[in-house]
Amino acid sequence: MFSPPSLRRWAPVLAAAGALVLSAAPGTAAAGGPHLLYAGAVPGARIEVNGPVKFDIVGMPAGTDEVTVTSPALVEPVPLTPLRKGSVEFVQTDAPGTRHRIRGAIAPGTYPVTATSHGRTVATARIPVVAEGSAMIGRFVIGDAKRPLPAEGDRSAVRPGGDVIVVLTDRQPAAGETQLTVKSPLFDGPLTLSKGEDDPGCKCDDGSTLYGGHTAVRDDIPAGRYPMTVVSHHGQETTTRQVTVAGPPVPHSRLPWLIGGGAVALVVLASVAVRRGRRKRRAAA
């Protein structure tokens, strides 16, 4: 069995790793054979062109003494060694002078990875590689302006006519990008998110750059799920989230008589001003 403490060491990274891929080599049982794990070496577990790599393999047969990971995406093979003597978990060995990175000259895409031991394939995986400097969206959410914002992935809903806040965080924002544009059937028009919005209800203490903006959900939008899309990195990247609309429309605080009464009051005031002007002119004559 593999070592639970070691896997706990990887847990925070693997939990965030959208790029995590597990697979067994052909001919091995998926439940009991070796499994090759990959996690990015930066927060958010992104696998970028020219970026560092980190591999681990668990479930190796007892007595195995070495494993090597190769891929067309890697600068050079990556050796894995037992976590401890007799361990069935093997971890990456980064000796001085090694270049355990994704190649800098490859195009973004998905690449095969193979783990071998003494020339025999023991596990395989496929890893998606993104462009260098790609967005690292940690949070892209919408919530009621008067309540705490939901966490990324939380199931929450907005109401028709409700005042809302939209927040986006990017751990790797594009240089000079101070505003982002969000489009959605939820809104009457595009919403501008500004960098460093000061009241979005998000502490963002993980080093991310924060973008936020305020708007209102359409009064007439039916219940259902709707896309909310932001274009970032100067138009090069698109991120979409699905938003649920549910519940009765939010009543407006302005009453109809205030609107109509305000118009009548303006007419009355204008009439009084005209009459006073006439009296002054007559008195002067």
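In the block above lies the structure referred to throughout.
Sequence order as written defines the numbering, with residues in each chain counted from 1. Only residues with pLDDT of at least 70 get local features here, since the model is predicted, and only at 80 or more are side-chain atom pairs given and counted; chain-wide, interface and lining totals rely on the full set of residues. Here the side-chain values reflect all heavy atoms present in the structure, with hydrogen atoms and water set aside.

**Student:** Could you give an account of the overall build of the protein chain, with specific residues and numbers?
**Tutor:** Note on conventions: DSSP H or I runs of at least 4 residues are helices, E runs of at least 2 residues are strands, and numbering of each starts at the N terminus. A tally of helices and strands in the protein chain yields two helices and 15 strands. Under the scheme applied here, a residue whose accessible area is under 20% of the maximum for its type counts as buried, over 50% as exposed, and between as partly exposed, the area being computed with a 1.4 Å probe on protein chains only. By the burial criterion, 36% of the 285 residues in the protein chain qualify as buried. Contacts: residue pairs with any heavy atoms within 4.5 Å of one another. In the protein chain, of all internal contacts separated by at least 6 residues, the share reaching a separation of at least 24 is 62%. The Shrake-Rupley method, run with a 1.4 Å probe sphere, supplies the accessible areas, and residue values consider only the shown protein chains as cover. Carbon and sulfur atoms provide 56% of the accessible area of the protein chain, an area that totals close to 16000 Å².

**Student:** How would you summarise the sheet that holds strand E15 (residues 237-245) if you had to cite specific residues and measurements?
**Tutor:** Note: two strands are recorded as paired if DSSP finds a minimum of 2 bridges between them. The eight strands lie next to each other as E8-E10-E13-E12-E11-E14-E15-E9, forming an open sheet whose pairing is mixed. The open sheet is flanked by strand E8 (137-144) and strand E9 (157-158), the only strands paired with a single partner. The pairing of strand E11 (residues 179-183) with strand E14 (residues 224-232) spans three bridges and is antiparallel. Paired with Lys183 across the bridge in E14 is Thr229.

**Student:** Tell me about the environment of Gly133, and name the residues and values.
**Tutor:** Structurally, Gly133 is set in the loop between strand E7 (120-129) and E8. Counting along the chain gives 40 residues from Gly133 to Pro173, while the straight-line C-alpha distance between them is 8.2 Å.

**Student:** Could you give an account of the nonpolar core, naming the residues involved and the relevant values?
**Tutor:** Take the buried Ala, Val, Leu, Ile, Met, Phe, Trp, Tyr and Cys residues and link them wherever side-chain atoms come within 4.5 Å; each set so joined is a nonpolar core. In this structure, Leu36, Phe55, Ile57, Val69, Leu80, Ile102 and Ala115 are the most contacted members of the largest nonpolar core, which totals 25 residues. Of all the secondary-structure elements, those providing two or more residues to this core are strand E1 (35-38), strand E2 (55-58), strand E3 (67-70), strand E4 (78-82), strand E6 (109-117) and E7. Ranked by size, the runner-up nonpolar core spans 20 residues in total, among them Phe140, Val166, Leu191 and Leu193.

**Student:** A description of the pattern of salt bridges should follow, citing residues and the corresponding values.
**Tutor:** Here, a salt bridge means any side-chain nitrogen of Lys or Arg that lies within 4 Å of a carboxyl oxygen of Asp or Glu. Applying the stated criterion to the full structure yields two salt bridges. The partner of Lys54 in a salt bridge is Asp94, with the nearest N and O atoms 3.6 Å apart. Taken as a pair, Lys54 in the loop between E1 and E2 and Asp94 in the loop between strand E5 (90-92) and E6 lie far apart in primary sequence, 40 residues in all. Arg218 is the partner of Asp220 in a salt bridge, and the nearest nitrogen-oxygen pair spans 3.0 Å. The partly exposed category is assigned to Arg218, whose relative accessible area is 22%.

**Student:** Quick one: what's the story with the environment of Gln236, residue by residue and with numbers?
**Tutor:** Summarising the element assignment, Gln236 is placed in the loop between E14 and E15. For Gln236, a relative accessible area of 70% translates into the label exposed. Expressed as a C-alpha distance, the spacing of Gln236 and Ala135, which sit 101 residues apart in the sequence, is 9.6 Å.

**Student:** Hey, could you go over the environment of Pro108 for me, with residue numbers and the actual values?
**Tutor:** Looking at the secondary structure, you find Pro108 in the loop between E5 and E6. Apart from residues no more than four positions distant in its own chain, Pro108 is found in contact with Val49, Val129, Val130 and Ala131.

**Student:** Describe the sheet that holds E1, and please don't skip the residues or the numbers.
**Tutor:** Strand order in this open sheet of seven strands is E1-E2-E5-E4-E3-E6-E7, and the pairing throughout is antiparallel. Strands with a single pairing partner mark the edges of an open sheet, and in this sheet they are E1 and E7. Neighbour to neighbour, the strand axes of the sheet diverge by 25 degrees on average, direction disregarded. Axis angles are defined between N-to-C directions and span 0 to 180 degrees, where every axis is a line fitted to C-alpha atoms and, for a helix, only to the segment in contact.

**Student:** Describe in detail unusual backbone geometry, supporting the description with residues and values.
**Tutor:** A positive phi angle, close to 70 degrees, is found at Asn50, a residue other than glycine. Tracing the chain through its elements places Asn50 in the loop between E1 and E2. Look at Asn50 and you get partly exposed, because its relative accessible area is 32%. Of note in the backbone geometry, His234 takes a positive phi value of approximately 55 degrees without being a glycine. Along the polypeptide, His234 turns up in the loop between E14 and E15.

**Student:** An account of the side chain of Asp170 is requested, with residue identities and associated values reported.
**Tutor:** Positionally, Asp170 belongs in strand E10 (residues 163-170). The definition of a polar contact used here is a pair of N or O atoms within 3.5 Å, where within protein one atom must be able to donate a hydrogen and the other to accept one, and adjacent residues in sequence count solely through side-chain atom pairs. A polar contact is formed between the side chain of Asp170 and the side chain of His233, at a distance of 3.2 Å. The residues touching Asp170, leaving out its near neighbours within four places in the chain, are Ala135, Met136, Ile137, Ser208, Thr209 and His233.

**Student:** Could you give an account of the pairing of E6, naming the residues involved and the relevant values?
**Tutor:** Bridging between E3 and E6 involves three bridges; their strand directions are antiparallel. Each bridged residue has a counterpart across the sheet, and for Thr68 the counterpart in E6 is Thr116. When E6 meets E7, the two strands line up antiparallel, connected through nine bridges. If you follow Ala115 over to E7, its bridge partner there is Ala123.

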